[in-house]
Amino acid sequence: MRDFGYTLETAMADIIDNSVTAGASTVEVLADTFAEEPWIAIIDDGKGMDEAELIEAMRPGSKNPLDERENHDLGRFGLGLKSASFSQCRQLTVISRKAGVISAATWDLDEVAKSNVWAVELEDDTSSMPAADRLPKTGTIVVWRKLDRLSTGYRHDVAKRAAEINKSLSLAERHLRLCFHRYMEGSRPVLSLLLNGRKLAPIDPFARNQKATQVDPVEVLPLSRGTVETQCFTLPYHKMMNRAAWDELGGPEGHLRTQGFYIYRERRLIIAGSWLGLARQTELTKLARVMVDIPNTMDADWKIDVRKANAQMPPVVRDRLRRIVERLQGTSKRTYKRRGQKLVDEKKLPFWSRIQQDGRIIYRPNVEHPSISGFEESLPIEFRSGFRTCIQLIGSGLPVESLHADMLGSAEDVFAEEVDFASLSEGVETAIRTLRGAGMTTSDIVASLCSNEPLRRHRDAVLTLAQDIEDGEFT
């Protein structure tokens, strides 16, 4: 029971599932990591349990997975409380209050090992137990002590042990914000999550609060055991969001690893970001995400595991989702390609030309750009050939392999060097005069020059310079 494969975050989520099933509106995680004997407590204000219910809850395998459940019931096997807890600790205590009566029981694996008997210990006095004073008028506290799985290697070094547990708690925080985000969202959330007194904000993996997010209609697939609902989202291009929001969406693994399906069982996240074998995770499709909602009546069909952290897609659903994936990936690719095509649109005077040749794509400096061609014409004839050679060397020296590696890893971290306008002004002046000589108006000149970087961010300065040249104030 200790080795189902739980991590701290999946173990905590499993305990919180019980709180949601019990109708809790607030769940708080408390942790004392610097104590001589560190502990973690999960406190909820649900309906609580009397002694008989508590003893039954402490029994391993207290539910039949084939039993019919209420829609809000996030349990399945009746193993979660015990298996999740034992995966992290050797001593589990549950304190609960219902109808004004407090009941408490403890499993201590060390005592079980000594006696070789699975006998739960009922507690008469809870006053000295961690977090016992935080028990709501109605609700439950799950206390983990003897955190042997979280303090391996640092049992006698309090500082290092605390740092290790706090690191795990930090990772768990993000997981909980994501796992229960649909319970925590909206003007009237049904669940509040707190960590050591700090209220946690939900993380919406679909960025529905961003105006540029593309949202498809909900699609419904009726099946014999319930209805599967899917909805597709295409995230905005990273430059259309602030960096903090973009990084939070991608998390520590980044957007490349978090694209794909988000499987929810009764609004509780089971799988976060995977194409489940239907597609490859690529840079061009990393904006694509699919929300898949399944009811708890389909647990067996989806083979939901004990940890509620893994599932397998039924064949009939797989066929439907394969078509959805093909369509959605096309949308994500178009978002990138459309933006890329704008950067090399000949009508917008790009600094780089994109050329398709013999099945290859080649990028080279656009020598027809007025700032380049105009400067070349201002050179003495004997220098022009050398100037062209320098431009060709810059183009042929484009570090394609390095760019490819960086873009695959995290394209949003790749930037062109920022240049102040003073360094560009001579070239911009040349370009403006060249375009004026071709009969273009000032507004058209500014629109063309500032359609791409590096001049896009200097639009006001380009406009001022163009007007000064038009008025004859800049000679």
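A. Geometry of the overall build of the chain. A tally of helices and strands in the chain yields 16 helices and 16 strands. Burial statistics for the chain: of 475 residues in total, 47% are counted as buried. If you take every contact in the chain between residues at least 6 apart in sequence, the share linking residues at least 24 apart comes to 65%. Within the structure as shown, the chain displays about 24,500 Å² of accessible surface, and the carbon and sulfur contribution to it stands at 50%.

B. Summary view of helix α16 (residues 459–470). Compared with the 16 Å implied by 1.5 Å per residue over 12 residues, the 16 Å span of α16 between its first and last C-alpha is a close match. Taken residue by residue, α16 has Val462, Leu465, Ala466 and Ile469 as its buried positions. An end-on view of α16 places all buried positions within 100° of arc, on one side of the element. Buried residues in α16 make contact with α14 (421–437) and α15 (442–449).

C. Main features of the pairing of strand β6 (residues 139–145). Here β6 lies mainly inside the structure; seven of its seven residues are buried. Bridge count between strand β2 (residues 39–44) and β6: five bridges; the pairing is antiparallel. Residue pairing for β6: Ile42 is matched across the bridge by Val142.

D. Structural view of the packing of α14 against α15. Where α14 contacts α15, the two axes come as close as 10 Å, and the packing angle between them is 130°. When the axis of α14 is compared with that of α15, the two are oblique. Considering only the axes of α14 and α15, their crossing is right-handed. Residue-level inspection shows Ala431, Ile432, Leu435 and Arg436 of α14 in contact with α15, the latter providing Thr442, Ile445 and Leu449.

E. Structural context of the packing of α14 against α16. It is the contact of α14 with α16, at a shortest axis distance of 10 Å, that shows an interaxial angle of 50°. Viewed along their axes, α14 and α16 adopt a mutual orientation that is oblique. Here α14 runs over α16; the crossing is right-handed. Of the residues in α16, those touching α14 at Phe421, Ser425, Val428, Glu429, Ile432, Arg433 and Arg436 are Ala461, Val462, Leu465, Ala466, Ile469 and Glu470.

F. Summary view of the environment of Lys211. Its location among the elements puts Lys211 in the loop between β8 (198–199) and β9 (214–215). You can call Lys211 exposed: its relative accessible area is 87%. Sequence separation between Lys211 and Pro236 is 25 residues, and the spatial gap between their C-alpha atoms is 8.4 Å.

G. The arrangement of the pairing of strand β16 (residues 360–365) in detail. In this sheet, β16 lies alongside strand β15 (residues 352–357) in antiparallel orientation, the contact comprising six bridges. When the bridges of β16 are listed, Ser353 appears paired with Arg364. A loop of two residues connects β15 with β16, the two strands running antiparallel in sequence, and Asp358 in this loop sits at a positive phi of about 55°.

H. Just the side chain of Gln91, in detail. Take Gln91: it is sitting in strand β3 (residues 91–98). Using a relative accessible area of 14% as the deciding quantity, one classes Gln91 as buried. Only 3.0 Å separates the side chain of Gln91 from the side chain of Asp108, close enough to count as a polar contact. Setting aside chain neighbours within four positions, we find Gln91 in contact with Thr106, Trp107, Asp108, Val143, Trp144, Arg145 and Lys146.

I. The pattern of salt bridges, seen in detail. Per the counting criterion, the structure on display carries 22 salt bridges. The partner of Arg59 in a salt bridge is Glu56, and the shortest N-O contact between them spans 2.6 Å. In this structure Glu56 comes out as partly exposed when scored by relative accessible area, which is 35%. Of the charged contacts in the structure, one is a salt bridge between Lys146 and Asp110, with a shortest N-O distance of 2.9 Å. One end of the pair, Lys146, is in the loop between β6 and α5 (158–179); the other, Asp110, is in helix α4 (residues 109–115), and 36 residues separate them in sequence. Taken together, the salt bridges that share partners define one network made up of Arg90, Asp108, Asp110 and Lys146.

Rules and cut-offs
Residues numbered from 1 in each chain as written. Predicted model: local features only at pLDDT ≥ 70, side-chain atom pairs only at ≥ 80, totals over all residues. Heavy atoms only, no water. Helix = DSSP H or I, 4+ residues; strand = E, 2+ residues; numbered from the N terminus. Buried < 20%, exposed > 50% of the residue type's maximum accessible area, 1.4 Å probe, protein only. Contact = heavy atoms within 4.5 Å. Areas by Shrake-Rupley, 256 points an atom, 1.4 Å probe, with all protein chains shown as cover. Expected span 1.5 Å × (residues − 1). Arc of directions from axis to C-beta. Pairing = 2+ DSSP bridges. Axes fitted to C-alpha atoms, helices over the stretch in contact; angles between N-to-C directions. Parallel < 35°, antiparallel > 145°, perpendicular 65-115°, else oblique. Left-handed = near helix turned anticlockwise from the far one by under 90°. Polar contact = N/O pair within 3.5 Å; in protein donor to acceptor, adjacent residues only side chain to side chain. Salt bridge = Lys/Arg side-chain N within 4 Å of Asp/Glu carboxyl O.

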